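Residue-level listing of the chains:
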Amino acid sequence: YQRRVHGIFKNTMSEVVPIWQDREVKFDVKLAELQQRKGEVVVDSINAVEDTKGNNGEKGNILTMNPRLIRINDTDQKVNLSIGYDCIVSVDIKSIESRLKGNCQALFIKTKHNQSRFEFIFTSLISDSPRLFTSFQAVVRSYETTKIYRDLRLRTAIIQEKKLNLLPQEHVYNKYANVSNLSADQPSPGTMYVTNIRIVWFSQSTETFNASIPWIQIKSIKIRDSKQGKAIVVETHPINNGYMAGFKTEGFDKIHLELSNLLTAHNESPIFGIVTVMEEKPSATKSTFIPRTTDDVQIVSSEYKAPSAALYAYPVSYTHLTLPTSDLVQISVVAV
């Protein structure tokens, strides 16, 4: 039920700047573009990482963030990379020959952006440190499983018994009945949900006729003239081919103001759908001992003879249990 930008609506208004951090691969950008924006979270920071394919023999720092990976060269910060997770095609761990470390395991990342393909190979120069692999792979897996927070979805199973299936940490701002979609010659009446993650509309007659439009995808929300009169038009960024959805309802001025304000707020601080939990173990290897204890049990004689299976009953005491710990950092990445 979507329509392209060049179609049934007229009029223009101001637009929000697209959020590019997770959607593009950039080389040697200005340091301002590498700055952490609102909504971005640094999951892990690793120094002494070699760009084995692009700058073999040169050290740099890697920042694993929730929408992208950043690498900055130690000797020249103008030599840098920004890799959006949406561009990633595959991630592998393979053996490689490094000038600084010799034969070792390296992180291989294959990407695609604007019809161009790029491969990156990163080698951690820190001995016996798996963090380059574990933290990055955990974030990428979480990113892949939370795309509904960021991608336009049409005709999906998001409605059950006329109610929206809320995502984790999603809450509803408003619910509007009698909101008609203007995709066809005849308006289709339905219901609109406005949440902290997205705008959702579904048909009253068919729940599967629906749309989930995340704030992070919306380019503009405007009032335009249509064949059915004034309508609220939600337009997405060109990454979704510039699709738009038109809605008509009573009191659309109030709804349009609310949606416009929410779009501005969410564009300033977007929700990428991933939060991170850092758990740091003790720095030194320690052992935890459970001392030997003796149960206070009195044995009473009895003529009853237990079956042989009783010989395998639970023990009444232990000597001690040693629990080794590690100084590695545990990184848990979960959907919001």
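In case you missed it, the structure is sitting above this.
Bear in mind the structure is a predicted one, so any value in this text is a computation, not a measurement. Per chain, residue numbering runs from 1 following the sequence as it is written. For a predicted model such as this one, the threshold for reporting local features is a pLDDT of at least 70, and the threshold for listing and counting side-chain atom pairs is 80 or more; totals across whole chains, interfaces and linings nevertheless cover every residue. Calculation of side-chain values draws on the structure's entire complement of heavy atoms; hydrogens and water are dropped beforehand.

Asks: Even after reading the chapter, I still don't get the packing of aromatic side chains, so can you show me in this structure?
Replies: Each aromatic ring pair is specified by the distance between its two centres and by the angle formed by the two planes. Aromatic pairs are defined between Phe, Tyr and Trp rings, using the six-membered ring for Trp, whenever the two ring centres lie within 6.5 Å; interplanar angles under 30 degrees are classed as stacked, those over 60 as edge-to-face, and all others as tilted. Enumeration according to the criterion identifies 9 aromatic pairs in this entry. On the numbers, 5.9 Å between centres and 65° between planes, the contact of Tyr85 with Phe136 is edge-to-face. Separated by 51 residues along the polypeptide, Tyr85 in the loop between strand S6 (80-84) and strand S7 (88-98) and Phe136 in helix H1 (residues 131-144) bring together distant segments of the chain. A relative accessible area of 0% means that Tyr85 is categorised as buried. You can call Phe136 buried: its relative accessible area is 1%. A centroid spacing of 5.2 Å and a plane angle of 85° characterise the contact between Trp201 and Phe209, whose relative ring orientation is edge-to-face. Since its relative accessible area comes to 14%, Phe209 is described here as buried. Each member of the aromatic cluster is reached from another via a ring pair, and the members are Phe27, Phe118, Phe120 and Phe122. The rule for a charge over a ring is simple: NZ of Lys or CZ of Arg within 6 Å of the ring centre, and within 35 degrees of the ring normal. Over the face of the ring belonging to Tyr143 we find Arg150, whose NZ or CZ atom lies 3.6 Å from the ring centre. Each helix corresponds to a stretch of at least 4 residues labelled H or I by DSSP, and each strand to a stretch of at least 2 residues labelled E; elements are numbered beginning at the N terminus. Note on exposure labels: buried denotes an accessible area under 20% of the residue type's maximum, exposed denotes more than 50%, and partly exposed covers the range between, all computed with a 1.4 Å probe on protein chains only.

Asks: What is the right way to look at the nonpolar core in this model?
Replies: By nonpolar core is meant a set of buried Ala, Val, Leu, Ile, Met, Phe, Trp, Tyr and Cys residues that side-chain atoms within 4.5 Å join together. In terms of nonpolar packing, the biggest core is built from 24 residues, with Met192, Ile199, Trp215, Ile218, Ile221 and Leu259 touching the most fellow members. Elements supplying a minimum of two residues to this core: strand S13 (172-181), strand S14 (188-195), strand S15 (198-203), strand S16 (210-214), strand S17 (218-226), strand S18 (229-236), strand S19 (243-248) and helix H2 (252-268). The element contributing the most residues to this core is H2, with 5 residues. Contacts: residue pairs with any heavy atoms within 4.5 Å of one another. Residue contacts for Trp215: discarding those within four places in its chain leaves Val194, Thr195, Asn196, Ile197, Arg198, Ile199, Ile221, Leu259, Leu262, Leu263 and His266.

Asks: When you look at the sheet that holds strand S3 (residues 42-51) in this model, what are you seeing that I'm missing?
Replies: Each strand in a sheet pairs with another by means of backbone hydrogen bonds, the pair being arranged parallel or else antiparallel. Pairing between two strands requires that DSSP report at least two bridges joining them. Here 8 strands make up an open sheet; going across it, the order is S2-S6-S5-S4-S3-S9-S8-S7 and the pairing antiparallel. For this open sheet the edge positions go to strand S2 (25-27) and S7, each flanked by a neighbour on one side alone. The average undirected angle you get between the axes of adjacent strands in this sheet is 25°. Across 3 bridges, S3 lies against strand S9 (residues 116-124) in antiparallel orientation. Residue pairing across strands places Glu50 opposite Thr123, the latter belonging to S9. Lines fitted to C-alpha atoms define the axes, with helix axes restricted to the stretch in contact, and inter-axis angles between N-to-C directions lie between 0 and 180 degrees. Relative to the sheet, H1 contacts S3, strand S4 (55-65), strand S5 (68-73), S7, strand S8 (102-113) and S9, its axis offset from that of S3 by approximately 135°.

Asks: What exactly am I supposed to notice about the side chain of His113 here?
Replies: Along the polypeptide, His113 turns up in strand S8. Within the structure, the side chain of His113 is placed 3.2 Å from the side chain of Asn114, a separation counted as a polar contact. The residues touching His113, leaving out its near neighbours within four places in the chain, are Arg23, Glu24, Val25, Cys87 and Phe118. The term polar contact refers here to a pair of N or O atoms within 3.5 Å; inside protein, the definition further demands a hydrogen-donor-capable atom paired with an acceptor-capable atom, and it admits residues adjacent in sequence only when both atoms are side-chain atoms.

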